[in-house]
Amino acid sequence: TNEIPPTLDLSSCTRFLIPKIRNCNTTHIRCQSRSSQIPSRLLYVGSETDPTCLSLELLPILQPYVALSHCWGDQSAIFTTPKATIKDLLLEIPWTKLPKTFQDAVSITRSLKIDYLWIDSLCIIKDDPSDWKTESVKM
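Residues numbered from 1 in each chain as written. Predicted model: local features only at pLDDT ≥ 70, side-chain atom pairs only at ≥ 80, totals over all residues. Heavy atoms only, no water.

Would you take a moment to explain the pattern of salt bridges for this structure?
For side chains of opposite charge, pairing can occur when their charged atoms come near one another. In total, this model carries two salt bridges according to the counting rule given. Across the pair Asp-131 and Arg-41 runs a salt bridge whose closest N-O atoms are separated by 2.4 Å. One end of the pair, Asp-131, is in helix 6 (residues 129–136); the other, Arg-41, is in strand 1 (residues 41–44), with 90 residues separating them in the sequence. Residue classification places Asp-131 among the buried positions, given a relative accessible area of 10%. The partner of Lys-100 in a salt bridge is Asp-104, and the shortest N-O contact between them spans 2.5 Å. Highlighted residues: Lys-100 and Asp-104, both in helix 4 (residues 100–111), separated by four residues, approximately one helical turn. By relative accessible area, Asp-104 is classed as partly exposed at 34%. (Salt bridge = Lys/Arg side-chain N within 4 Å of Asp/Glu carboxyl O. Helix = DSSP H or I, 4+ residues; strand = E, 2+ residues; numbered from the N terminus. Buried < 20%, exposed > 50% of the residue type's maximum accessible area, 1.4 Å probe, protein only.)

This is the structure in structure tokens:
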């Protein structure tokens, strides 16, 4: 069925999305090809048993990942990656610092058994015009 579940709890979202992703990967030519435009950084989402294990990772090869693009809204309220904290975020990102939207995206990514998540405001260095220019075309 193509209907969106009436309730959007994690379990119903997962049951809805897994067949859609499987269908995409097996029947769509564009979904089967590997893009040469790979993001430089992805968020490693850890596992459901260790929800605090989050970090940005530099990946040399394409890994399956989920993407979240969102309205940034109030710039002061959104979690971003400035140059000053990139090294810290490569080590660990505290779950409690993530906005609810990001936490939900991490939970859905984990439920799909995918290890990586790309979030524009987190994976592109906020105050680096060169990084924005390079990474934004990969969205």
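I would appreciate a short explanation of the environment of Cys-13 in the present structure.
On the secondary structure map, Cys-13 appears in helix 1 (residues 10–27). Sequence separation of Cys-13 and Ile-108 is 95 residues, and the distance between their C-alpha atoms is 7.7 Å.

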